[in-house]
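# Close look at the chain arrangement
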Amino acid sequence: MKLAVLASVVVGAAAFAPNSISRQGTALNMAKDIKPKLQYVPCISTDDLPGPGKATSGVAGGLAICIAVDENGSLFALGDKCPPINQPLSFGKVANGSIQDPVLGTKFDLKTGQVPEGQWCTSPIGKLLGGLFEPSGVPTYPVKTKGNVVEVQVDVNYKAAFESQYWSGILDAQGKSNGKYY
């Protein structure tokens, strides 16, 4: 009986021990390293710019972007997803160098995207939800106007680099993910 218990302990431990099996032939390991490529890309038309103290949303390089205009008319580009629950930042109000999330009350600095001390989830519902999460900022992007277009500098290879780390599809009847034949 003791031998059976010892054998099951050894087998159980071996099942959870790290192994050194190399998976060199998988699609994930064969993905090429895609380098970042920063580029200014069109986001919105200058005709769609909001007035001072307001923000609007756009898309640049596949990323949701919040274009904010401060009281002086300066443009700022930030990620359009407010932490912690990803509602649009572009619905917020711009004042005193920051934009405020209309739902949870968090303020984000327009230049850095960071949350100033004591400004994380200040609304009543924000106080309920905010305590569950660590304060986190939003990304900021360089922005400029060129002709009648607002351009934002983003990594145009970001999506391809992200997707290169994942398997690409459902296997067909022959076991190939690209639908081609042998």
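Residues numbered from 1 in each chain as written. Predicted model: local features only at pLDDT ≥ 70, side-chain atom pairs only at ≥ 80, totals over all residues. Heavy atoms only, no water.

On to the packing of aromatic side chains. The tally for this structure, following the rule as stated, stands at 0 aromatic pairs. In this structure, K144 is placed above the aromatic ring of Y40, and the distance from its NZ or CZ to the ring centre is 4.3 Å. (Phe/Tyr/Trp six-rings, centres within 6.5 Å; stacked < 30°, edge-to-face > 60°. Lys NZ or Arg CZ within 6 Å of the ring centre and 35° of its normal.)

Taking strand neighbours across the sheet as the criterion, the 3 strands line up as β7-β8-β9 in an open arrangement whose pairing is antiparallel. Pairing within the sheet leaves two strands with one partner each, and these edge strands are β7 (93-95) and β9 (107-109). Between one strand axis and the next, the sheet turns by 25 degrees as a mean value, whatever way the strands run. Pairing analysis gives 3 bridges linking strand β8 (residues 98-100) to β9, with the strands arranged antiparallel. The residue of β9 that forms the bridge with Q100 is K107. (Pairing = 2+ DSSP bridges. Helix = DSSP H or I, 4+ residues; strand = E, 2+ residues; numbered from the N terminus. Axes fitted to C-alpha atoms, helices over the stretch in contact; angles between N-to-C directions.)

With that settled, consider the sheet that holds strand β11 (residues 143-146). One key point about sheets: their strands pair by backbone hydrogen bonds, in either a parallel or an antiparallel sense. In spatial order, the strands read β1-β12-β11; together these 3 strands make up an open sheet with antiparallel pairing. Where the open sheet ends on each side, the last strands, each with one partner, are β1 (38-45) and β11. Averaged over all adjacent pairs, the angle separating strand axes in this sheet is 40 degrees, with direction ignored. Across 4 bridges, the pairing between β11 and strand β12 (residues 149-155) is antiparallel. Within β12, the position partnered with K146 by the bridge is V149.

Looking at the chain, pLDDT values average 83 and 73% of them are 70 or higher. Within the model, pLDDT remains below 50 along residues 21-29, and this stretch shows 8 contacts once partners closer than five positions in the same chain are excluded. (pLDDT = per-residue confidence, 0-100. Contact = heavy atoms within 4.5 Å.)

So, on to the side chain of S98. Relative to the helices and strands, S98 resides in strand β8. Those residues in contact with S98 that sit more than four places away from it in its chain are K93, K107, F108, D109 and L110.

Core analysis: the biggest nonpolar cluster contains 16 residues, and A68, L78, L89, I99, F108 and L110 have the highest contact counts within it. Put simply, the parts of the chain that give this core at least two residues each are β3 (63-69) and β4 (75-79). If sequence neighbours within four positions are ignored, A68 has contacts with K54, A55, S74, L75, F76, L78, V94, I99 and L110. Ranked by size, the runner-up nonpolar core spans 11 residues in total, among them I44, I65, Y141 and V150. (Core = buried A, V, L, I, M, F, W, Y, C linked by side-chain atoms within 4.5 Å. Buried < 20%, exposed > 50% of the residue type's maximum accessible area, 1.4 Å probe, protein only.)

As a further point, take a nonpolar patch on the surface. Taken together, I85, V103, I125 and L128 make up a surface patch of nonpolar side chains, about 380 Å² in accessible area. Tracing the backbone shows L128 in helix α3 (residues 124-130). Overall, the relative accessible area of 67% leaves L128 in the exposed class. (Patch = residues over 30% accessible without salt bridge, like charges linked within 9 Å, V, L, I, M, F, W, Y side chains within 5 Å. Areas by Shrake-Rupley, 256 points an atom, 1.4 Å probe, with all protein chains shown as cover. Salt bridge = Lys/Arg side-chain N within 4 Å of Asp/Glu carboxyl O.)

Quick look at the environment of D155 now. Looking at the secondary structure, you find D155 in strand β12. Relative accessible area serves as the criterion here: at 18%, D155 is assigned to the buried category. For the pair formed by D155 and K37, sequence separation is 118 residues and the distance between their alpha carbons is 5.1 Å. In this view, D155 contacts P36, K37 and L38; residues no more than four positions away in its chain are not counted. A polar side-chain atom of D155 sits 2.8 Å from the main-chain amide nitrogen of K37. Here the side chain of D155 touches N157 through a polar contact of 3.0 Å, landing on its backbone nitrogen. (Polar contact = N/O pair within 3.5 Å; in protein donor to acceptor, adjacent residues only side chain to side chain.)

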